[in-house]
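# Notes for the structure review
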Amino acid sequence: MRKIVFFLIQLYVLIFISACDTNQKKNKIPSYFPQDKNQFFDSVRAEEIILGSMLFFDKRLSIDSSVSCSSCHDPKIAFTDGKIVSDGLPSHKSLRNSSTLLNVRFNPTFMFDERAYNIDMVSLIPLLDTNEMGMNWHRLDTLFKQDSTLTKLSYKAYQQPCDIRSITRSLGAFMKSLHFNKSKFDDFTISNNTIIFSAQEIKGKDLFFGKGNCNSCHTAPLFTNHKHYNIGSEKNGSKDLGRMVGTLRKEDMFKFKTPTLRNIEITKPYFHNGKAATLENALDFHLSKDRKTTDFDPPILTTAERQNLISFLKCLTDGNYILTK
Ligand code: HEC
Ligand code: HEC
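Now for a look at the structure at hand. No experiment lies behind these values; they were computed from the predicted model shown.

### Points about the site of ligand 2
Around ligand 2 lies a shell of 26 residues, among which Cys-214, Cys-217, His-218, Ser-233 and His-286 are the nearest. Separating an oxygen atom of ligand 2 from a backbone N or O atom of Phe-271 is a distance of 2.6 Å. Side-chain polar atom of His-286 to a nitrogen atom of ligand 2: 2.9 Å apart, as the coordinates give it. When contributions to the shell around ligand 2 are tallied by element, the ones reaching two or more residues are strand 2 (256–257) and helix 12 (279–287). Looking at which element gives the most residues to the shell around ligand 2, the answer is helix 12, with 4 residues. By residue class, the composition of the shell around ligand 2 is 16 nonpolar, 8 polar and 2 charged.

The structure is reproduced here in structure tokens:
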């Protein structure tokens, strides 16, 4: 039975990799994306991505073999899980809402509170988290050394058995391969032709870059400036202290990373605590005048203007997105 399940996982991963591979080939980083890290990403080899994608879907990476990375980062919903906060090991919950991994390669820091910097190491956080995968260093280091398929792949990628280093590095390589940039907004950026948009979408775009001032934090083309702000999403007394968890600085209390708005139509519910179920709820919450802080002064927008903004936000969905079609 276990062998059949493993075979099915392998089959799924192979289909996934070939979709990914085709996507990558026709999907070079466009000139309007940040170029500074290209060399670093270009050095990622196919062998590493293959091993990383096998591991990404493998539930044996959790203490009771019940959770894989893909349990909370499901490729069908832009590598999120649709939950308010993620379910982890049985009768456990993560502390926050799952983040998309699409285009995560461009992030200078990781997690809502900036508690990780290195994409080749960041996987250790969920792997060791007692709510999420509950593993320990020893088990991770020895887990796959006897697995002939993974050993073979690890030798191909790193000339060594499949240990904790090949696990974290290959998962990093897999995440670097998740680069997607085929939305209506990208078509517009390339052609500079507003005919691509409906009248309502154009109004939304003008609000986004103009009166709404959204672009100052959700900056195109990644729709984040990677900075952290207190937008009033947590109040005094809340347990989640935001960036202060990572930096221990009092002035960082309740600051959270600005999430990308690419694929926002798919990645509900919203905010680090999953508080908003729909995009309408998200904007009503974000723009309520009670949310005013020293970091953020919500612009006053009518219901019609918010609807226009939402139709523009839907232009950030990747039309080419794998496995959603
Ligand atoms: C039980 C659910 C769960 C599992 C399993 C899980 N994650 Fe996550 N992941 C989350 C949540 C929730 C967040 C947001 C946490 C935060 O910011 O504090 C997150 C955030 C991340 C981020 C940061 C994204 C960003 O933009 O900052 C990366 C990278 C990541 N996960 C990769 C992985 C990898 C690789 C695995 C498997 C080794 C994995 N995750 C397993 C729930 C999970
Ligand atoms: C001062 C910076 C700032 C400005 C300006 C700003 N945002 Fe945000 N936005 C954030 C931060 C930070 C979060 C995440 C907060 C959290 O999770 O608690 C966020 C979250 C969101 C979310 C939910 C994203 C998700 O994946 O959970 C949406 C949608 C959003 N913003 C849209 C907008 C729109 C539209 C505008 C313009 C009207 C705007 N924002 C202006 C900083 C900003």
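Structure shown, so let's carry the discussion forward.
### What to know about the packing of helix 3 (residues 46–56) against helix 7 (residues 148–158)
For the pair helix 3 and helix 7, interaxial distance at closest approach is 8 Å and the crossing angle is 145°. Where helix 3 crosses over helix 7, the handedness of that crossing is left-handed. Two secondary-structure elements touch here, helix 3 through Glu-47, Glu-48, Ile-50, Leu-51, Met-54 and Leu-55 and helix 7 through Leu-150, Leu-153, Ser-154, Lys-156, Ala-157 and Tyr-158. Taken together, the residues that form the contact of helix 3 with helix 7 break down as 8 nonpolar, 1 polar and 3 charged.

### Some details on the environment of Leu-51
Of note, Leu-51 is situated in helix 3. Under the relative-accessibility criterion, Leu-51 is labelled buried at 0%. Distance from Leu-51 to Ala-173, taken between C-alpha atoms, is 9.0 Å for residues 122 residues apart in sequence. Other than its neighbours up to four places away in sequence, Leu-51 contacts Leu-150, Leu-153, Ser-154, Tyr-158, Cys-162, Ser-166 and Ser-170.

### So, the environment of Ser-68
As for its placement among the helices and strands, Ser-68 is situated in the loop between helix 3 and helix 4 (69–72). Sequence separation between Ser-68 and Leu-89 is 21 residues; the distance between their C-alpha atoms is 9.9 Å. Discounting chain neighbours no more than four positions away, the residues touching Ser-68 are Phe-56, Phe-57, Asp-58, Lys-59 and Met-133. There is a polar contact of 2.8 Å between the side chain of Ser-68 and the side chain of Ser-70.

### Some words on helix 12
For helix 12, the full list of buried residues reads Leu-279, Ala-282, Leu-283, Phe-285, His-286 and Leu-287. On the buried face of helix 12, the contacting elements are helix 13 (303–313).

### Considerations on the site of ligand 1
Residues in contact with ligand 1 amount to 29 residues; listed here are only the nearest, Cys-69, Cys-72, His-73, Met-111 and Phe-112. Backbone polar atom of Phe-112 to an oxygen atom of ligand 1: 2.7 Å apart, as the coordinates give it. Mapped by element, the contributors of at least two residues to the shell around ligand 1 are helix 4, helix 5 (124–128) and helix 8 (164–176).

### A word on the side chain of Asp-147
Topologically, Asp-147 is positioned in the loop between helix 6 (137–142) and helix 7. One polar contact links Asp-147 to Arg-60, side chain to side chain, over a distance of 3.0 Å.

### Focus: the coordination of the iron atom of ligand 1
Exactly one protein atom donates to the iron atom of ligand 1; that atom is His-73 (NE2), 2.1 Å from the metal. Position of His-73 among the secondary structure elements: in the loop between helix 4 and helix 5.

### A short note on the pattern of salt bridges
If you walk through the whole model with that rule in mind, you get 21 salt bridges. The residue Asp-147 makes a salt bridge to Arg-60 at a minimum N-O spacing of 3.0 Å. With Asp-147 in the loop between helix 6 and helix 7 and Arg-60 in the loop between helix 3 and helix 4, this pair connects stretches of sequence that are 87 residues apart. An identical accessibility class is assigned to Asp-147 and Arg-60; each is buried. Residue Arg-115 is joined to Asp-113 by a salt bridge in which the shortest nitrogen-to-oxygen separation is 3.1 Å. The partly exposed category is assigned to Arg-115, whose relative accessible area is 37%.

### Observations concerning the packing of helix 10 (residues 199–209) against helix 13
For any two helices packed against each other, the geometry comes down to the angle between their axes and how far apart the axes lie. The interhelical angle for the contact between helix 10 and helix 13, taken along N-to-C directions, is 100°, at an axis separation of 7 Å. Relative to helix 13, helix 10 is oriented roughly perpendicular. Contacts between helix 10 and helix 13 involve Gln-200, Glu-201, Lys-203, Gly-204, Lys-205, Leu-207, Phe-208 and Phe-209 from the first element and Glu-305, Gln-307, Asn-308, Leu-309, Ser-311, Phe-312 and Leu-313 from the second. Class assignment of the residues belonging to the contact of helix 10 with helix 13 gives a composition of 6 nonpolar, 5 polar and 4 charged.

### Description of the coordination of the iron atom of ligand 2
Think of it this way: four donors in a tetrahedron around the metal ideally sit 109.5 degrees apart, and six in an octahedron ideally sit 90 or 180 degrees apart. Each protein donor to the iron atom of ligand 2 is listed here as His-218 (NE2) and His-286 (NE2); together their distances run 2.0 to 2.1 Å. What the 6 donor atoms of the iron atom of ligand 2 show is an angle range of 89 to 179° at the metal, which sorts the shape as octahedral. Taken together, the residues span a long stretch of sequence, with His-218 in the loop between helix 10 and strand 1 (228–229) and His-286 in helix 12 at a distance of 68 residues. Given the relative accessible area of 15%, His-286 is considered buried.

Reading guide: rules and limits
Residues numbered from 1 in each chain as written. Chains lettered and ligands numbered in written order. Predicted model: local features only at pLDDT ≥ 70, side-chain atom pairs only at ≥ 80, totals over all residues. Heavy atoms only, no water. Near = heavy atom within 4 Å. Polar contact = N/O pair within 3.5 Å; in protein donor to acceptor, adjacent residues only side chain to side chain. Helix = DSSP H or I, 4+ residues; strand = E, 2+ residues; numbered from the N terminus. Nonpolar A, V, L, I, M, F, W, Y, C, P; charged D, E, K, R; others polar. Axes fitted to C-alpha atoms, helices over the stretch in contact; angles between N-to-C directions. Left-handed = near helix turned anticlockwise from the far one by under 90°. Contact = heavy atoms within 4.5 Å. Buried < 20%, exposed > 50% of the residue type's maximum accessible area, 1.4 Å probe, protein only. Donors = N, O, S within 2.8 Å, 3.2 Å for Na, K, Ca; no water. Salt bridge = Lys/Arg side-chain N within 4 Å of Asp/Glu carboxyl O. Parallel < 35°, antiparallel > 145°, perpendicular 65-115°, else oblique. Tetrahedral: all angles 85-135°; square planar, octahedral: opposite > 155°, others 65-115°.

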